[in-house]
Amino acid sequence: MNGVLRSALQFYTRTRRQRWLLLAALLLFVAALVAARLACRCPRSVTPWPFLLGGLCAGAATMITLYSAWDFRRISALRTVFLIPHSRLQLAVGMFLAQLIAAAAGAGLMMLVGHAQPLSPLAWGSPRGTFEMLLGGALSFVVLLQVVTGPSRILSVVALALVAPLGVRVDLFMRPEIFGIPKADVLALAGILAWLLFAAWYVIAWRPTAPLSAWSRGRESAAAPLQVSRQSAIRVYLLGQTSLLRVSRQQITTWMIYHVVILAMLVGTQMLIARHNFPANYSMAIFILMYAPVVGVNTIAGIAARGSRRLWLCSGETRKVLYATAARLAWQSMALLGIPLFGLALIEIRFLPHAGSDMLFSLAICITLTPGALYLGLLNFRRRLNLPFLALYMVAVAALFAELFVESPRGKQLLWIAPVALVAISCVLRALARRRWYGIDWLQFRAERETAPFALRRV
Amino acid sequence: MNNGDASGSAVISLRELGKVIGGKAILSNISVDIEPGSIVGLLGKNGAGKTSLIDVLLGFSPPSSGSSRVFGESSFNLPAATKGRIGFVPQQDELLDSLTGAQQLALNAALHPVWDEGLIARLIREWEVPLDRKIQVLSGGERQKLATLLALGHEPDLLVLDEPASSLDPVARRQFLRELLEIAESPTRTVLFSTHIVSDLERVASKVWIIRDGRLVWAGDLDTLKESVVRVTLLARDPVPANLSIDGAVSQRTDGRRAQLVLTDWRDARQRELADRFGADVTIERLGLEEIFLELHA
Amino acid sequence: MPPPPPPRIFTLEATSGVPIYRQLIDQVRRLVASGHLLPGAELPSVREVAAEYTVNPTTISKAYGLLELEGLVQRNRGKPMTIAPLRRNQQALAQRLRQIEAQVDSLVLAARQLDLRATDLTALIKQKMQEEYDEQR
């Protein structure tokens, strides 16, 4: 029991990063609380601050859950943990306990808010309701993450596709009751059920695979010509693959699969179930398209950063030249990914029905987010969950969130500062990336192959 | 140790090299030279700083203090020509998993202006390195062999190897050592390798560096090391004092009339001196490198 | 010209506390003293020994250099090194005696420990040497 409790707490406080995240979430919550109280005093003007801060706080909380879920997965993939008896049972129970504690803490904090600004349709009113919603939401989220980064591509895609129709029936969330049972209860039950199913598989399964290992299994490489030019040799070394086109194609294929499946589900739902009630909402599918280049560029830039060490001695180039090559490669990938995907998103925004909010704003946010993601990728020398990238993404999400709630046209105009801010941030990141590369100390980023989960090689 | 000409013939030249990471000094005050034509073995416990030293030497990492020069050039800013004279086999290989062995070799050949196809072909045959399978499915030993090939192809003047034979079976290790000796035969070529396998070092190294907690506790000839470090057993007529205060003693154990110590600056004449001083029967035991290493870390 | 000695006439142990060059020198001396290597016998080249035993050739050439300095072997231009002709004069004798002095020292110390007299010890030595020479004939 002691071990379980300890592992539960460890999921939130193991690394220094997690502790800082907790602190940040707490501070943001306090700030949002203060802003909400202040906003109450002057009911005429609607400021976006409480929503922005609330959004950022929710973002930080999401990141904490995300990080703990990732940590859970990473620890499970270690061989040594596999050998310890009952370790996985302990980890599973510990994770559940961690979410329980987090939900209780969240509910407690929300009670502090009181009924200052009850946001229906979210209905944070009662203690029990809040607790159940937090618990159900966190558990479902964790399980979804495990499945999406899971052992097989098909399972991941199917899972996402099953979750996608929620984008259609968003009205379900807006009602206080689902099928006669209070909504909070339903969510909590769904979360617990999902967790039990997952935990059963997790404890019984023979060998939990490393996260994302299914995605790194490459197909047989086509016979590459044995005479390569120096430039292409440098590129191959940076990417770890035979060409940039291949890497980009892999990324595009992955995301297009998601996109097409979700589109199909939505079309199917529209045609078969909700025919008379309301038009299908394709915003989720479009969001996937807009989100894809951001992640793809970040991934490719990260690969190039980690490949740079190989080139230091072999190629004879200086650090400046290596940086220039890697940056050029990353920008090329941005063009290769961005043009088709953003273009398709633009077309779909024009021609597909989507939720009332102005998707062009979201598109602008995503486009301006991409250079920032690129430079963050170039800075990602260690193969780990890219928290700065998530933080940047959460800033964007907060902007989107705020946009949902701000009604006044003046407020909406003000919000267009967000894309500009993102571009400014990416310029700062560019300077940071250059400085880091020009004086890079690879000793600090030595490949941690022995303990990293991606090291499980298949024969 | 040569302090002489700065332009000189030293292949590697370290002066008061220090490296601090996160407040911890992983290398301190290392000053040593390597002359061309030597095979230097780097010995040390895990975490003593071997790989860090190699990283700083080859320019992967800037020194926090002091200087590191390779072929006369500063390590952190090695020019392309100098890098072309260096071959490096890292401890954890940096092979590309999705390529085949042949493709990986072709890549390296493209990056270097010189590439000895004949040498590579011969070694592929002798070492039985599979070239047609993806690197992802090769065993640890095969990967290591391939990584070593990549470092030899461009005929480097300086070969740096970090634990080069740890995954190899004894036959493969012997083949590898033989090749290393052939390479080092040329007086212009130098080899630096760090290893745990002390017996390999005793075979092929002419010089030994022993690194402990980031400091060089010995840098010199292997033969001199073996001749300087001996275990001395004294059997005296009268009980010996607990603290014998003998110069150069690394460890000492006393038990009544019997004392055993390890001395690090042995000369044959000292046997007579010690016998006279303590009125004891003095026997000498010469220590192999592994024993020496253990005694220096006791 | 006597035929070259068969390979593997040395036993070199890399892990011993005695450096390889010293092992080689001692063994060459012993082989010469015992008559297994006659004057004029060819020694394997530095490269051959290094390749045969997989050891660093510098240590082998150091050994050969020291042996040459002692006068035990001689270099022949373009040909392998050979054992120098024996010179049975006082100088060689003194050298040979010096070689065995270390062992005699430890023998003497051991004898002192066991409280043996010089006459007992020398009698034993004479007996052992007689047995050894008889065996060789």
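Residues numbered from 1 in each chain as written. Chains lettered and ligands numbered in written order. Predicted model: local features only at pLDDT ≥ 70, side-chain atom pairs only at ≥ 80, totals over all residues. Heavy atoms only, no water.

**Some thoughts on the environment of B:P90**
Phase 1 of the analysis: Relative to the helices and strands, B:P90 is located in the loop between β6 (86–89) and α3 (101–111).
Phase 2 of the analysis: Along the sequence, B:P90 and B:L161 sit 71 residues apart, while their C-alpha atoms lie 6.3 Å from each other. (Helix = DSSP H or I, 4+ residues; strand = E, 2+ residues; numbered from the N terminus.)

**Comments concerning the interface of chain A and chain B**
Phase 1 of the analysis: On the chain B side, the residues contacting the 41 residues of chain A number 38 residues.
Phase 2 of the analysis: Of the roughly 3400 Å² buried where chain A meets chain B, counting both sides, 55% is carbon and sulfur surface.
Phase 3 of the analysis: Scanning the region where chain A abuts chain B turns up three salt bridges.
Phase 4 of the analysis: Two residues, B:K19 and A:D441, come together in a salt bridge whose shortest N-O distance is 2.8 Å.
Phase 5 of the analysis: The tally of links between chain A and chain B comes to 14 residue pairs in polar contact (both at pLDDT 80 or more). (Contact = heavy atoms within 4.5 Å. Buried area = accessible area lost by both parts, 1.4 Å probe. Salt bridge = Lys/Arg side-chain N within 4 Å of Asp/Glu carboxyl O. Polar contact = N/O pair within 3.5 Å; in protein donor to acceptor, adjacent residues only side chain to side chain.)

**Remarks on the domain arrangement of chain B**
Residue and element names in this part refer to chain B.
Phase 1 of the analysis: Along its sequence, chain B is organised into domain 1 (12–221) and domain 2 (229–296).
Phase 2 of the analysis: Listed as interface residues are eight residues of domain 1 and, on the opposing side, five residues of domain 2.
Phase 3 of the analysis: Taken over both partners, the interface formed by domain 1 and domain 2 buries close to 670 Å², and the fraction arising from carbon and sulfur atoms is 79%.
Phase 4 of the analysis: The interface formed by domain 1 and domain 2 contains zero salt bridges. (Domains from an automatic or database assignment.)

**Topic: the side chain of B:Q144**
Residues and elements named next belong to chain B.
Phase 1 of the analysis: Structurally, the position occupied by Q144 is in helix α5 (residues 140–152).
Phase 2 of the analysis: Look at Q144 and you get buried, because its relative accessible area is 9%.
Phase 3 of the analysis: Looking at Q144, its side chain comes within polar contact range of the main-chain nitrogen of S167, at 2.9 Å.
Phase 4 of the analysis: If near-sequence neighbours (up to four positions away) are discounted, Q144 is found in contact with E163, P164, A165, S166, S167 and L168. (Buried < 20%, exposed > 50% of the residue type's maximum accessible area, 1.4 Å probe, protein only.)

**Here's the deal with the confidence of the model for chain C**
Residues and elements named next belong to chain C.
Phase 1 of the analysis: Considering every residue of chain C, the mean pLDDT works out to 83; 88% of them sit at 70 or more.
Phase 2 of the analysis: Helix α3 (residues 57–70) holds the highest mean pLDDT among the elements of chain C, 90, whereas helix α4 (residues 90–113) holds the lowest, 79.
Phase 3 of the analysis: Among the scores for the predicted complex, ipTM is 0.80 and pTM is 0.73. (pLDDT = per-residue confidence, 0-100.)

**Points about the packing of helix α13 (residues 319–351) of chain A against helix α14 (residues 359–378) of chain A**
All names here are of chain A.
Phase 1 of the analysis: The contact between α13 and α14 brings their axes to 10 Å, and the two run at 165°. Comparing their axes, α14 and α13 come out roughly antiparallel. For the crossing formed where α13 meets α14, the hand is right-handed. Along the contact surface, α13 presents Y323, A326, A327, A330, W331, M334, F342, A345, L346 and I349, while α14 presents M359, L360, L363, C366, I367, T370, P371, L374, Y375 and L378.
Phase 2 of the analysis: Taken together, the residues of the contact of α13 with α14 break down into 19 nonpolar, one polar and no charged. (Axes fitted to C-alpha atoms, helices over the stretch in contact; angles between N-to-C directions. Parallel < 35°, antiparallel > 145°, perpendicular 65-115°, else oblique. Left-handed = near helix turned anticlockwise from the far one by under 90°. Nonpolar A, V, L, I, M, F, W, Y, C, P; charged D, E, K, R; others polar.)

**A look at a nonpolar patch on the surface**
Residues and elements named next belong to chain C.
Phase 1 of the analysis: A cluster of nonpolar side chains, L93, L97, I100, V104 and V108, forms an exposed patch at the surface whose accessible area comes to about 400 Å².
Phase 2 of the analysis: Here V104 lies in helix α4.
Phase 3 of the analysis: Judged by its relative accessible area of 39%, V104 falls in the partly exposed class. (Patch = residues over 30% accessible without salt bridge, like charges linked within 9 Å, V, L, I, M, F, W, Y side chains within 5 Å. Areas by Shrake-Rupley, 256 points an atom, 1.4 Å probe, with all protein chains shown as cover.)

**As for helix α6 (residues 170–184) of chain B**
Phase 1 of the analysis: A rise of 1.5 Å per residue sets the reference length of α6(B), with its 15 residues, at 21 Å; its end C-alpha atoms lie 21 Å apart and thus fit the reference within 8%.
Phase 2 of the analysis: B:A172, B:R173, B:F176, B:L177, B:E179, B:L180, B:L181, B:I183 and B:A184 are the residues of α6(B) that are buried. (Expected span 1.5 Å × (residues − 1).)

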